[in-house]
Amino acid sequence: EAHRKTRTAKDLQVYLDVRVERFVPKRLMFGSDWPVCKIAGEYKQVLEEIERFTDRLSKTEKEAIMGNTAAEFYGII
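Residues numbered from 1 in each chain as written. Predicted model: local features only at pLDDT ≥ 70, side-chain atom pairs only at ≥ 80, totals over all residues. Heavy atoms only, no water.

Caption draft 1: Unusual backbone geometry, seen in detail. You will see that Val 24, though not glycine, has its phi angle at about 60 degrees, which is positive. When you line up the elements, Val 24 lands in the loop between helix 1 (9-23) and helix 2 (43-54). Judged by its relative accessible area of 41%, Val 24 is partly exposed. (Helix = DSSP H or I, 4+ residues; strand = E, 2+ residues; numbered from the N terminus. Buried < 20%, exposed > 50% of the residue type's maximum accessible area, 1.4 Å probe, protein only.)

Caption draft 2: View of the packing of helix 1 against helix 2. Interhelical geometry of helix 1 versus helix 2 gives an angle of 55 degrees and a closest axis separation of 11 Å. In terms of axis orientation, helix 1 runs oblique to helix 2. In the packing of helix 1 onto helix 2, the handedness of the crossing is right-handed. On the side of helix 1, the interface is formed by Ala 9, Leu 12, Gln 13, Leu 16, Asp 17 and Val 20, while helix 2 contributes Glu 49, Ile 50 and Phe 53. Taken together, the residues of the contact of helix 1 with helix 2 sort by class into six nonpolar, one polar and two charged. (Axes fitted to C-alpha atoms, helices over the stretch in contact; angles between N-to-C directions. Parallel < 35°, antiparallel > 145°, perpendicular 65-115°, else oblique. Left-handed = near helix turned anticlockwise from the far one by under 90°. Contact = heavy atoms within 4.5 Å. Nonpolar A, V, L, I, M, F, W, Y, C, P; charged D, E, K, R; others polar.)

Caption draft 3: A look at the confidence of the model for the protein chain. In the predicted model, the protein chain carries a mean pLDDT of 86, and 94% of its residues have values of at least 70. The least confident element of the protein chain is helix 1, whose mean pLDDT is 86; the most confident is helix 3 (residues 59-73), at 96. (pLDDT = per-residue confidence, 0-100.)

Caption draft 4: Geometry of the nonpolar core. In this structure, Leu 16, Val 20, Leu 28, Ile 50, Phe 53, Leu 57 and Ile 65 together form the largest nonpolar core, which totals seven residues. Counting only elements with at least two residues in this core, the list comes to helix 1 and helix 2. (Core = buried A, V, L, I, M, F, W, Y, C linked by side-chain atoms within 4.5 Å.)

Caption draft 5: Structural detail: the environment of Glu 72. Checked against the element boundaries, Glu 72 lands in helix 3. Taking relative accessible area as the criterion, Glu 72 reaches 49% and is therefore assigned partly exposed. Sequence-wise, Glu 72 and Lys 26 are 46 residues apart; in three dimensions their C-alpha atoms are separated by 10.0 Å.

Caption draft 6: Expanded view of the layout of surface pockets. Its volume calculated, the largest pocket comes out at about 700 Å³. Lining the largest pocket are 25 residues, and of these Leu 12, Leu 16, Gly 31, Val 46 and Ile 50 lie nearest its centre. Put simply, the parts of the chain that give the lining of the largest pocket at least two residues each are helix 1 and helix 2. With six residues, the single largest contributor to the lining of the largest pocket is helix 1. Classifying every residue of the lining of the largest pocket gives 14 nonpolar, five polar and six charged. (1 Å grid on protein atoms, 1.4 Å probe; cavity = no way out; pocket = protein on both sides within 12 Å on 5 of 7 lines; lining within 4 Å. Points joined across faces, edges and corners; volume = space filled by probe spheres on them.)

Dropping the structure here:
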């Protein structure tokens, strides 16, 4: 877990880059480890960082990570 006072968005980006490269967005889904994430930041902060990261992806890739992959996996759509 990252330290609340010293972690940066760049620290998280390194891990996200590897996940996107190895698994591709169609196989990824955003999920929170709340309340554990509160050790290093509030939920809103984590979500904002993920949204900033996914803004550099295509619209389809971002939508996959932010909900479509989960909806498809759980048979919601």
